[in-house]
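Here is what each chain is made of, one letter per residue.
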Amino acid sequence: MSTTDTAKTVDLNADMGESFGPWNMGDDTALLDIVTSANIACGFHAGDPDVMAATMTLARDNGVGIGAHPGFPDLQGFGRRKMHMSAAGLGNMVRYQLGAAQGMARALGTEVRHLKLHGALSNMACVDHDMARACYEAALEVDPDIIIMVLAATAMEDVVRELGCNWCGEIFADRAYNDDGTLVDRSLPGAVIHDAALAGPRILQMVQEGAIITESGKRIPTSIDTICLHGDTAEAVELAKSVRSSLEAGGVKLAQFSGRQG
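Bear in mind the structure is a predicted one, so any value in this text is a computation, not a measurement.

1. Examining the overall build of the protein chain
Okay, step 1: When helices and strands are tallied, the protein chain shows 8 helices and 11 strands.
Okay, step 2: Taking 262 residues into account, the globule formula puts the C-alpha radius of gyration at 18 Å, and the protein chain, at 17 Å, falls close to it.
Okay, step 3: Counting only C-alpha atoms, the protein chain reaches 40 × 35 × 35 Å along its principal axes.
Okay, step 4: Within the protein chain, contacts between residues separated by at least 24 positions form 71% of all contacts whose residues are at least 6 apart in sequence.
Okay, step 5: Surface accessibility of the protein chain: about 10,400 Å² in total, with carbon and sulfur atoms responsible for 51%.
Okay, step 6: With 20 positive and 34 negative side-chain charges, the protein chain shows a separation of 2 Å between the mean positions of the two kinds.

2. Topic: the pattern of salt bridges
Okay, step 1: Considering all chains together, one arrives at 12 salt bridges under this definition.
Okay, step 2: One salt bridge connects Glu170 with Lys116, and the closest N-O pair in it is separated by 2.7 Å. You can see Glu170 sitting in strand 6 (residues 166–172) and its partner Lys116 sitting in the loop between strand 4 (114–115) and helix 4 (119–125), a full 54 residues away along the chain.
Okay, step 3: Judged by relative accessible area, Glu170 falls into the buried class, the value being 1%.
Okay, step 4: By relative accessible area, Lys116 is classed as buried at 2%.

3. Here's the deal with the side chain of Arg202
Okay, step 1: By the element assignment, Arg202 lies in helix 7 (residues 196–209).
Okay, step 2: Look at Arg202: it is buried, it has no salt bridge, and the nearest opposite charge is Asp174 at 7.0 Å.
Okay, step 3: If we skip the residues at most four places from it in the chain, Arg202 touches Phe172, Ala173, Arg175, Ala176, Tyr177, Ile193 and Ile213.

4. A look at unusual backbone geometry
Okay, step 1: With a phi close to 55°, Phe78 is a non-glycine residue in the positive phi region.
Okay, step 2: Topologically, Phe78 is positioned in the loop between strand 3 (65–69) and helix 3 (87–107).
Okay, step 3: Residue Phe78 is classed as buried on the basis of its relative accessible area of 10%.
Okay, step 4: Positive phi is not limited to glycine here, since Ala153 has a value of about 65°.
Okay, step 5: Counting through the fold element by element, Ala153 comes out in the loop between strand 5 (147–151) and helix 6 (155–163).

5. Some points on a nonpolar patch on the surface
Okay, step 1: Judged by side-chain polarity, Phe20, Trp23 and Leu75 come together as a nonpolar surface patch covering roughly 310 Å² of accessible area.
Okay, step 2: As for its position among the elements, Phe20 is in the loop between strand 1 (9–16) and helix 1 (28–31).

6. Re the side chain of Gln97
Okay, step 1: Here Gln97 shows up in helix 3.
Okay, step 2: Those residues in contact with Gln97, other than ones at most four positions away along the chain, are Cys42, Phe44, His69, Pro70 and Gly71.

7. Concerning the packing of aromatic side chains
Okay, step 1: A full pass over the atoms with the stated rule returns 1 aromatic pair.
Okay, step 2: When the ring of Phe44 is compared with that of Tyr96, the centres are 5.5 Å apart and the planes differ by 50°; the resulting orientation is tilted. Here the residue Phe44 occupies a position in the loop between strand 2 (37–41) and helix 2 (49–62), and Tyr96 occupies one in helix 3, the gap between them amounting to 52 residues.
Okay, step 3: If you follow Arg260 out to its NZ or CZ, it ends over the ring of Trp167, 5.7 Å from the centre.

8. Let's talk about the environment of Asp143
Okay, step 1: Structurally, Asp143 can be placed in the loop between helix 5 (129–142) and strand 5.
Okay, step 2: Taking the C-alpha atoms as reference, Asp143 lies 20 Å from Val64; in sequence the two are 79 residues apart.
Okay, step 3: Contact partners of Asp143, with chain neighbours within four places excluded, come to Gln102 and Val112.

9. Describing the nonpolar core
Okay, step 1: Counting residues in each nonpolar core, the largest one holds 78 residues, and the members touching the most others are Leu115, Tyr136, Ile227 and Leu247.
Okay, step 2: By residue number, the principal contributor to this core is helix 5, which donates 8 residues.

10. Description of the packing of helix 2 against helix 3
Okay, step 1: Viewed as axis vectors pointing N to C, helix 2 and helix 3 meet at an angle of 55°, and their least axial separation amounts to 10 Å. Judged on the interaxial angle alone, helix 3 and helix 2 are oblique. In the packing of helix 2 onto helix 3, the handedness of the crossing is right-handed. Each of Pro49, Met52, Ala53 and Met56 in helix 2 lies in contact with helix 3, whose residues at this interface are Ala100, Ala101, Met104 and Ala105.
Okay, step 2: Taken together, the residues of the contact of helix 2 with helix 3 sort by class into 8 nonpolar, no polar and no charged.

Rules of the game
- Residues numbered from 1 in each chain as written.
- Predicted model: local features only at pLDDT ≥ 70, side-chain atom pairs only at ≥ 80, totals over all residues.
- Heavy atoms only, no water.
- Helix = DSSP H or I, 4+ residues; strand = E, 2+ residues; numbered from the N terminus.
- Rg over C-alpha atoms; globule rule 2.2 N^0.38 Å.
- Contact = heavy atoms within 4.5 Å.
- Areas by Shrake-Rupley, 256 points an atom, 1.4 Å probe, with all protein chains shown as cover.
- Lys, Arg positive; Asp, Glu negative; His and termini not counted.
- Charge placed at Lys NZ, Arg CZ, Asp CG, Glu CD.
- Salt bridge = Lys/Arg side-chain N within 4 Å of Asp/Glu carboxyl O.
- Buried < 20%, exposed > 50% of the residue type's maximum accessible area, 1.4 Å probe, protein only.
- Patch = residues over 30% accessible without salt bridge, like charges linked within 9 Å, V, L, I, M, F, W, Y side chains within 5 Å.
- Phe/Tyr/Trp six-rings, centres within 6.5 Å; stacked < 30°, edge-to-face > 60°.
- Lys NZ or Arg CZ within 6 Å of the ring centre and 35° of its normal.
- Core = buried A, V, L, I, M, F, W, Y, C linked by side-chain atoms within 4.5 Å.
- Axes fitted to C-alpha atoms, helices over the stretch in contact; angles between N-to-C directions.
- Parallel < 35°, antiparallel > 145°, perpendicular 65-115°, else oblique.
- Left-handed = near helix turned anticlockwise from the far one by under 90°.
- Nonpolar A, V, L, I, M, F, W, Y, C, P; charged D, E, K, R; others polar.

Right, here's the structure in full:
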């Protein structure tokens, strides 16, 4: 979708498959009735093989696009603690997790359409070109046709444009933005948006304007192909319903992204 589209179309995605053993995180079943794409944990920051299989099966049966959601090997910290790794280590970490997701998807008669980095890995890569390139080149070595989901208007977008690969630009429905296009740190007040009544109209305005609206009110023109809702947020289902209903009421069509190139 571009800012000049007359009939706007956008994808809704959610991070999910983040339960582990008997411990449950989020309401993936409810979210899969609302979203059009799912980013499924690959076992490093969250999830396990049984959870991955169950989540992919639900996504497949609901016609929801499946994505691999690799993160740092940090179950205790939920992948939200920074780790410093070599480019080779980053690449192998992404290859390993993407391979696991692909293997499970194929066994279930479906496929992995896209890849999205998780948590601290994503936050670091959105300001570090070399880190983003190490992760994305590794993913493309595993699957040259995979769609890379990037935080719009960050170093991630610069890298996928340079690589000439399939990609889509993402904004967040439940997070506040800094003026440089990065997300406000979770430790700061207002970083996470919990009010469903605020989330829907806010996202509709961004899609209509074709721009990220930051905390200060600054507009950052960008490609908005998909909108993320974090499945681990307590209000995730209500936020998702608000965003979907606001977009539909505003004449925005919801559908899986097809991916841009270059």
